[in-house]
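Read off the chains here:
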Amino acid sequence: MDSEDFNPTRLKELANSLAGENRNLFKQLKRMDGRKVDELFHSAHAEEYEKFDCLACANCCRTISPIITYNDVERIAKALRLKPSVVVEKYLEVDSDGDYVFRSSPCPFILPDNYCSIYDSRPKACREYPHTDRKRMHQIFSITQKNISICPIVFNVVERIKKEIEQ
């Protein structure tokens, strides 16, 4: 899936239709050496991230909330010229895991053109999204599997890895 034909509903449908196949892939990846898994993901990520225009999509900003750390709160507060307590009160809530997340969806800082109004001060989780270039990918397989239906880059990375493993 590329930026020009991105459709969040279509991505979700495609991801759902491939869910069984993807579960099998991740079972296979769990049995592989972690360095090889990282190599597969990082190689696919580099190619897919280069091709995809995140500003044409912004589905992550519209549908999920990152975990917000205390450092993120301080950085956002400074950018907005607010006290950290005001940022927490106005924009955040505690989720079922006890983590701060944005109170609303889409992200309160996404602009109509998909740009982020606090881009230089955005949360660490946003900076690292879609997480397919992280070390020790095996530690975040559950998150990666969820992100297949949210992020076209993750979807494409997983599809590329399937082809790579089949060869």
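Our subject is the structure listed above.
Remember, predicted model here, so these are calculated numbers, not experimental data. (Residues numbered from 1 in each chain as written. Predicted model: local features only at pLDDT ≥ 70, side-chain atom pairs only at ≥ 80, totals over all residues. Heavy atoms only, no water.)

Some thoughts on the packing of aromatic side chains
All chains considered together, the criterion is met by five aromatic pairs. Look at Y91 and F109: their rings are 4.7 Å apart centre to centre, the planes differ by 50 degrees, and that puts the pair in the tilted class. Taken as a pair, Y91 in helix 6 (residues 84-91) and F109 in the loop between strand 2 (100-102) and helix 7 (124-128) lie far apart in primary sequence, 18 residues in all. F109 shares its class with Y91; the two are buried. Ring centres of F102 and F109 lie 5.8 Å apart, and the angle between their planes is 65 degrees; this geometry places the pair in the edge-to-face category. Ring pairing ties together the aromatic residues F26, F41 and F141, which thus form one cluster. The aromatic ring of Y119 is capped on one face by R122, whose charged end is 3.8 Å from the ring centroid. (Phe/Tyr/Trp six-rings, centres within 6.5 Å; stacked < 30°, edge-to-face > 60°. Helix = DSSP H or I, 4+ residues; strand = E, 2+ residues; numbered from the N terminus. Buried < 20%, exposed > 50% of the residue type's maximum accessible area, 1.4 Å probe, protein only. Lys NZ or Arg CZ within 6 Å of the ring centre and 35° of its normal.)

A word on unusual backbone geometry
The bulk of non-glycine residues show a negative phi, and the bulk of peptide bonds are trans. Cis geometry marks the peptide bond from S105 to P106, where omega comes out at 0 degrees. Along the chain, P106 falls in the loop between strand 2 and helix 7. Although it is not a glycine, A58 adopts a positive phi angle of roughly 60 degrees. Along the chain, A58 falls in the loop between helix 3 (34-51) and helix 4 (59-63). One non-glycine residue, H131, lies in the positive phi region at around 70 degrees.

What about the nonpolar core?
Ranked by internal contacts, the top residues of the largest apolar core, which has 26 residues, are F26, L29, F41, F141, I148 and I161. For this core, the elements supplying multiple residues, two or more each, are helix 1 (8-17), helix 2 (19-30), helix 3 and helix 9 (152-166). With residues up to four places along the chain from it excluded, the contact list for I148 reads L11, A15, N22, F26, V154, F155 and V158. Counting 11 residues, the second-largest nonpolar core is a separate cluster that includes I68, A77, L92 and F102. (Core = buried A, V, L, I, M, F, W, Y, C linked by side-chain atoms within 4.5 Å. Contact = heavy atoms within 4.5 Å.)

Some details on a nonpolar patch on the surface
Together, L55, L111 and Y115 line one region of the surface with nonpolar side chains, adding up to about 250 Å² of accessible area. By the element assignment, L111 lies in the loop between strand 2 and helix 7. (Patch = residues over 30% accessible without salt bridge, like charges linked within 9 Å, V, L, I, M, F, W, Y side chains within 5 Å. Areas by Shrake-Rupley, 256 points an atom, 1.4 Å probe, with all protein chains shown as cover. Salt bridge = Lys/Arg side-chain N within 4 Å of Asp/Glu carboxyl O.)

Things to note about the packing of helix 3 against helix 9
Packing of helix 3 against helix 9 brings their axes to within 9 Å, and their N-to-C directions diverge by 135 degrees. In terms of orientation, helix 3 and helix 9 fall into the oblique class. Regarding helix 3 and helix 9, the two cross each other, and that crossing is right-handed. Where helix 3 abuts helix 9, its residues L40, F41, A44, H45, E47, E48, Y49 and K51 lie against I153, N156, V157, R160, I161, E164 and I165. Taken together, the residues that form the contact of helix 3 with helix 9 break down as eight nonpolar, two polar and five charged. (Axes fitted to C-alpha atoms, helices over the stretch in contact; angles between N-to-C directions. Parallel < 35°, antiparallel > 145°, perpendicular 65-115°, else oblique. Left-handed = near helix turned anticlockwise from the far one by under 90°. Nonpolar A, V, L, I, M, F, W, Y, C, P; charged D, E, K, R; others polar.)

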